[in-house]
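Architecture at a glance
Chain residues, written in single-letter form:
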Amino acid sequence: MFKPKEPINVTQPFLPPLPEVTAFMQEIWDRKWLTNSGAFHKELEAQLAQYLNVPYVALCANGTLALVIALQVLRITGEVITTPFSFVATTHALWWNNIRPVFVDIEPEFCNLDPEKVESAITPKTTGILPVHVYGHPCQVERLQEIADIYGLHLIYDAAHAFGVKQAGRSLTDFGDLSVLSFHATKAFNTFEGGAIICHDERTYQRINYLKNFGFAGETTVVAPGINAKMNEFQAGMGLLQLQYMDEILAKRAAIANRYMELLSSMEGISFLTPGPQVDYNYAYFPIFVDAAAFGRTRNELYEHLKSYNYLCRRYFYPLISSFNMYKSLPGAEPSNLPTATRVAEEVLCLPIFPDLGLEHVDNVVEIITSYKK
Ligand SMILES: *Cc1c(COP(=O)(O)O)cnc(C)c1O
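Residues numbered from 1 in each chain as written. Predicted model: local features only at pLDDT ≥ 70, side-chain atom pairs only at ≥ 80, totals over all residues. Heavy atoms only, no water.

Notes on the site of the ligand
Defined as follows: Any residue with at least one heavy atom within 4 Å of a molecule or strand is counted as near it. What qualifies as a polar contact is a pair of N or O atoms within 3.5 Å, subject to a donor-acceptor requirement within protein and to the restriction that residues adjacent in sequence count only when both atoms come from side chains. Throughout, the Shrake-Rupley method with a 1.4 Å probe supplies accessible areas, and for residues the shown protein chains are the sole cover considered. Numbering of helices and strands starts at the N terminus; helices are DSSP runs of H or I of at least 4 residues and strands are runs of E of at least 2. Under the convention adopted here, Pro, Cys and the residues Ala, Val, Leu, Ile, Met, Phe, Trp and Tyr are nonpolar, Asp, Glu, Lys and Arg are charged, and Gly plus all remaining residues are polar.
The environment of the ligand is formed by 15 residues, the closest being Thr64, Asp158, His161, Ser182 and Lys187. Contact distances for the ligand include 2.6 Å between an oxygen atom and a side-chain N or O atom of Thr64. Bound to the protein, the ligand loses 93% of the 380 Å² it would expose on its own. Mapped by element, the contributors of at least two residues to the shell around the ligand are helix H3 (63-73) and helix H4 (89-95). Considering only residue class, the shell around the ligand consists of 4 nonpolar, 9 polar and 2 charged.

Next comes the structure, spelled out in structure tokens:
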């Protein structure tokens, strides 16, 4: 075991070589067109549509504004069923649209919204479902679509973790009415800040374009109280560069995850998620779950112990969104209604995983965990 001199974070962004960035910047400088659907913006939308094999990609300034706009473009109101086990932005996007979040528990296999518990949470005010492909593992998309169809609900996926993930060869972002991606620095594909909405028809794409640009539909026409959620040319250029390295990024992530899985597979008290049979996974995160009784230490003890060795793991997603002050008094937000999410939030610890993480660190992290077990 060793203690790295500098702290190792749970993630570190992939950055393309600086000379390549400079060449892209030169193009922006030459064109003097910085935002408002510039050349890089158009090109990145086209390349992402091809890469993800989806009909339309509408780029946004970040994933949160993309979520806010996705809810607006479908005119979702009233109540929306969502998961408490996510990053806060999922629920905040509902709040910013004056929509009441209705929290439904997760299933224990992949920690995603449990379709079997969705139906009983539907009321006359329900207009949509907002599940999250947590850690990039697919939700039960067929079952959720079935429920959405029966009850006439919109289905929007928060796919912030799911860039590049495929299920039976099909991009996960192709499911539902809309999917929302985040290209934040911490995500598997980043544009510093950024995001996108995946949609299936030209009209919706056009409406998203209005909404992300103040509602402008022409020089003097405003068709909606839109917001400013445009992606700028710097971000788009970074995306174009990053995309060239995506195969390498995913291969490095897979190697790290496979090493963790190999080394941790026989450790009592520690479990992890294994990608489903027909899933091309992106290894965006490597969460482990600490069963305190079997491991002899709690998740928080292990978190602190790894921190003392300069490995800064993160407890994604703890606390649950439903436990934050602004949401905790909502009907259904109480822990007794969310037993699986409540347990998982106490057990989860995300270990470091990023393309430039050397395998010696993976071995070291596992050694630290092993030697700490009681
Ligand atoms: C990162 C993230 C977001 C927000 O994306 P930003 O681009 O940071 O605004 C939304 N939902 C989930 C699940 C996320 O992890």
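That covers the picture; the talk isn't over yet.
A short note on the layout of surface pockets
For clarity, the threshold we go by: Detection works on a 1 Å grid of protein atoms alone, calling trapped sets that fit a 1.4 Å probe cavities and calling open sets with protein on both sides within 12 Å along at least five of seven lines pockets, with lining residues defined by an atom within 4 Å of a point. Grid points are joined across faces, edges and corners, and a volume is the space filled by probe spheres set on the points.
Reported here for the largest pocket is a volume of approximately 600 Å³. Considering the residues around the largest pocket, the lining is formed by 35 residues, among which Phe87, His161, Lys187, Tyr316 and Phe317 are closest to the centre. For the lining of the largest pocket, the elements supplying multiple residues, two or more each, are H3, H4, strand E9 (178-182) and strand E15 (348-351). Split by residue class, the lining of the largest pocket holds 20 nonpolar, 10 polar and 5 charged.

Quick notes on the packing of aromatic side chains
Applied cut-off: Only centres within 6.5 Å qualify two rings of Phe, Tyr or Trp (six-membered ring in Trp) as a pair; their planes then separate them into stacked at under 30 degrees, edge-to-face at over 60, and tilted for everything else. Only protein chains enter the accessibility calculation, which uses a 1.4 Å probe; a residue is then buried when its area is under 20% of its type maximum, exposed when over 50%, and partly exposed in between. We call a charge positioned above a ring when the Lys NZ or Arg CZ atom is no farther than 6 Å from the ring centre and deviates by at most 35 degrees from the ring normal.
Applying the stated criterion across every chain yields a total of 20 aromatic pairs. With 6.2 Å between their ring centres and 80° between their planes, Phe85 and Tyr135 make a pair best called edge-to-face. You can see Phe85 sitting in the loop between strand E3 (79-82) and H4 and its partner Tyr135 sitting in the loop between strand E5 (126-130) and helix H6 (141-151), a full 50 residues away along the chain. In this pair, the class of Phe85 matches that of Tyr135, namely buried. Seen in terms of ring centroids, Tyr281 and Tyr283 are 4.8 Å apart; in terms of plane orientation they differ by 70°. Their pairing is edge-to-face. Accessibility expressed as a relative area gives 12% for Tyr281, which makes it buried. Each residue in the set Phe85, Tyr135, Tyr285, Tyr316 and Phe317 is aromatic and connected to the rest through ring pairs, giving one cluster. Here the guanidinium or amino end of Lys187 rests over the ring plane of Phe87, the centre of that ring lying 5.9 Å away. The side chain of Arg297 reaches across the aromatic face of Tyr372, ending 3.8 Å from its centre.

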